[in-house]
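Examining the three-dimensional arrangement
Below, each chain spelled out in residue letters.
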Amino acid sequence: MLSLPHPSVLHGAVSAPCLCCRKGKDQFDNLEKHTQWGIDVLEKYIKFVKERTEIELSYAKQLRNLSKKYQPKKNSKEEEEYRYTSTRAFLATLNEMNDYAGQHEVISENMTSLITAELTRYVQELKQERKSHFHDGRKAQQHIETCWKQLEASKRRFERDCKEADRAQQYFEKMDADINVTKADVEKARQQAQLRHQMAEDSKAEYSSTLQKFNSEQHEHYYTHIPNIFQKIQEMEERRIVRIGESMKTFAEVDRQVIPIIGKCLDEITKAAESVDHKNDSQMVIEAFKSGFEPPGDVDFEDFTQPMKRTVSESSLSNSRGDGKSEPKFGSKSKGKLWPFIKKNKSPKQQKEPLSHRFNEFMTSKPKIHCFRSLKRGGAGPEDFSNLPPEQRRKKLQQKVDELNRDIQKEMDSRDALTKMKDVYIKNPQMGDAASVDHRLAELGQNIEKLRLEVQKFEGWLAEVEGRLPARSEQPRRQSGVYEAQNPSGVNSCAQDRESPDGSYTEEQSQETEMKVPATDFDDEFDDEEPLPTIGTCKALYTFEGQNEGTISVAEGEMLYVIEEDKGDGWTRIRRNEDEEGYVPTSYVEVYLDKNAKGAMTYI
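What counts and what doesn't
- Residues numbered from 1 in each chain as written.
- Predicted model: local features only at pLDDT ≥ 70, side-chain atom pairs only at ≥ 80, totals over all residues.
- Heavy atoms only, no water.
- Helix = DSSP H or I, 4+ residues; strand = E, 2+ residues; numbered from the N terminus.
- Buried < 20%, exposed > 50% of the residue type's maximum accessible area, 1.4 Å probe, protein only.
- Areas by Shrake-Rupley, 256 points an atom, 1.4 Å probe, with all protein chains shown as cover.
- Salt bridge = Lys/Arg side-chain N within 4 Å of Asp/Glu carboxyl O.
- Core = buried A, V, L, I, M, F, W, Y, C linked by side-chain atoms within 4.5 Å.
- Contact = heavy atoms within 4.5 Å.
- Pairing = 2+ DSSP bridges.
- Axes fitted to C-alpha atoms, helices over the stretch in contact; angles between N-to-C directions.
- Parallel < 35°, antiparallel > 145°, perpendicular 65-115°, else oblique.
- Nonpolar A, V, L, I, M, F, W, Y, C, P; charged D, E, K, R; others polar.
- Lys, Arg positive; Asp, Glu negative; His and termini not counted.
- Polar contact = N/O pair within 3.5 Å; in protein donor to acceptor, adjacent residues only side chain to side chain.
- Patch = residues over 30% accessible without salt bridge, like charges linked within 9 Å, V, L, I, M, F, W, Y side chains within 5 Å.
- Expected span 1.5 Å × (residues − 1).
- Bend = angle between axes of the 7 residues up to and from the residue.

Section: the overall build of the chain
Secondary structure summary: the chain contains 11 helices and seven strands in total. In the chain, which comprises 604 residues, the proportion classed as buried is 35%. For the chain, the accessible surface area stands at approximately 37,000 Å², while carbon and sulfur atoms represent 52% of it.

Here we look at the environment of E253
By the element assignment, E253 lies in helix α5 (residues 183-274). Residue E253 is classed as partly exposed on the basis of its relative accessible area of 31%. As a C-alpha pair, E253 and I107 span 146 residues in sequence and 9.8 Å in three-dimensional space.

Quick look at the pattern of salt bridges
For the coordinates displayed, the defined rule picks out 25 salt bridges. Here R138 ties to E32 by a salt bridge, and the two come within 2.6 Å at their closest N and O atoms. Placement of R138 in helix α4 (residues 85-177) and of E32 in helix α2 (residues 16-69) is noted, with a sequence separation of 106 residues between them. According to the relative accessible area criterion, E32 is partly exposed, its value standing at 25%. For R190, the salt bridge identified is with E187, shortest N-O distance 2.1 Å. Highlighted residues: R190 and E187, both in helix α5, separated by three residues, approximately one helical turn. A relative accessible area of 27% places R190 in the partly exposed class. One salt-bridge network, in which partners are shared between bridges, spans E564, R573, R575 and E581.

So, the nonpolar core
Counting residues in each nonpolar core, the largest one holds 28 residues, and the members touching the most others are L42, Y45, M111 and I115. When contributions to this core are tallied by element, the ones reaching two or more residues are α2, α4 and α5. Element by element, the count of residues in this core is highest for α4, at 11 residues. Ignoring sequence-local partners within four residues, the contact set of Y45 consists of I115, L119, I244, S247, M248 and F251. Core analysis: the second largest hydrophobic core is formed by 14 residues, L453, C538, A540 and V584 among them.

Some words on the pairing of strand β3 (residues 536-540)
A regular strand carries its side chains on alternate faces of the sheet. Of the two faces of β3, the one holding G536, C538 and A540 is buried and the one holding T537 and K539 is not buried anywhere. The sheet contact formed by β3 and strand β4 (residues 559-564) spans four bridges and is antiparallel. The residue of β4 that forms the bridge with C538 is L560. Inspection of the sheet shows β3 paired to strand β7 (residues 589-593) by five bridges, in the antiparallel sense. Bridge pairing in β7 links K539 to E590.

A look at the environment of A442
As for its position among the elements, A442 is in helix α10 (residues 438-468). As for A442 and R415, which are separated by 27 residues in sequence, their C-alpha atoms are 9.2 Å apart.

Here's the deal with the packing of α4 against α5
Axis separation between α4 and α5 bottoms out at 7 Å; the angle between their running directions is 170 degrees. One finds that α4 runs roughly antiparallel with respect to α5. Its residues assigned to classes, the contact of α4 with α5 shows 46 nonpolar, 20 polar and 23 charged.

Some words on the side chain of D281
Position of D281 among the secondary structure elements: in helix α6 (residues 278-289). Put simply, D281 is tucked away with no salt bridge, and the nearest opposite charge, on R88, sits 6.0 Å away. Within the structure, the side chain of D281 is placed 3.3 Å from the backbone nitrogen of S86, a separation counted as a polar contact. In contact with D281, not counting residues within four places along its chain, are Y84, T85 and S86.

Considerations on a nonpolar patch on the surface
Residues L66, Y70 and F90 make up a contiguous nonpolar surface patch of about 280 Å² in total accessible area. In this structure, Y70 sits in the loop between α2 and α3 (77-80).

Focus on α4
The end-to-end C-alpha separation of α4 is 135 Å, in line with the 138 Å expected for 93 residues at 1.5 Å each. Along its length, α4 reaches its greatest deviation from straightness, about 35 degrees, at T112.

Here we look at the sheet that holds β4
With antiparallel pairing, the five strands of this open sheet are ordered in space as β6-β5-β4-β3-β7. Bordering the open sheet on either side are β6 (581-585) and β7, each of which pairs with just one other strand. Put simply, the sheet's adjacent strands are angled 40 degrees from each other on average, direction ignored.

Overview of the side chain of E411
Looking at the secondary structure, you find E411 in helix α9 (residues 390-427). Salt bridges are absent for the buried E411, whose nearest opposite-charge side chain, R440, sits at 4.8 Å. Discounting residues that sit within four places of it in the chain, E411 has contacts with L444, N447, I448 and L451.

Spelled out as structure tokens, the structure:
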């Protein structure tokens, strides 16, 4: 009789792996959730850094716009204001703020390249690695589950065969004990019982083999495959944690790298602030607005207890240099400048105005300087800036002379370049026609000639102003390196009306041209001047078209009078008749000077 172990014994030996598989699957689910959370944290940090870079770029842009907004506009009055130390310091601050904004752009660029881009690429790699590890884990889990199912099938088959063998054995014993059953039926029952016992033995052997295989696979699963997968997942997670820590360190280092440069910008702003010099700025204001006029003298006491008689005041609002001079009669010629601040008294009623009214009039009135040849007809102001005080007029004229000299230099450079081009064309005709540049060269020559005439005119006015101003300790007026011309003595001088408050005239000795003051009540009329004497004659060698102001046209062979010889500037002053006179190029005329009159040339 066969004896087999009950299947429940084997079932108890293999019932534990099912729970382990279930727990292993749960651990994979937990790890999958945790690693996904780690990736979400990394992506959240990437988003944080990206928004920080956007803020840095926006801040830098706003700083640049702010600096640009307050930069002085070119060729504007604002640009002239930046000559003071305080405004220059402000300009330096604007420039440093521009560099300061550049450092915030550097922060944004470095964070984008070193953190955002690197972490974005790393997240993609991390997702791929995570997917691979969990795929291997699921594959191992499925394999052990398949082995478990095979073991369960083998066990159930073995259990079924054992039960069938037990029933066949009981049937055989029953048939063998029954005397009414034939011997053939008993033999048949015995063979059936033996067959069932053999099938049970085969199922037992198969089940035992399957069980051994499963135990081996289970051991390999729980002690090799799963630990390796978990180890890889752990290493992946640790690398993620280390990487986000390194990124946070880089986040701080990017800021720290620009701190020295930002510090330099702030140091430059501090240095610019320390360079502010209030004394220098005040002196510049004084130089910019000083008029050059001398202050008026003391006002004499007028004794009204005596009979009404005007007392001549030799010092009222007049230059002290006029003391001791005889008083000219009203309407006579005056050799000195007339005081420019006070208007002519129109009536005795006006002469008795209170002293406070005269002082207010003196403080608020502007000098009246007229020059017949310097007013722009229909323009905004006189061409020679005669509406300005002497010092301001000198500065404006000097600026104009410098500007014209720069224009001359540009035209001369252009002419030199065209001349070289023409020489190249002459040597190499295939490169171009040399005659094609002649017209442009002629235009440049005419432009240079016109500009030189303008320079001569403004330098004449400048010499006149510098002759009127008091002696200054400053450096002499700059001379142009392009076109230097001596100051022509024949340029018309400007007359200034000057009189004392009581209506009397005072004289002032100066080097300016003596002018004739007409006896009239109109202050805005142009002053006349006496004609210069002739010092010789001249013959025009060529025809000259005097198109510029101050020149005169002459025809070839024409005879004219010379009233002023060439002073070294290439121009001679001539006269055709009492109403026509002007300058012509010295090379255009042949001069015959009167030796007796040459040394006696003076202004009347």
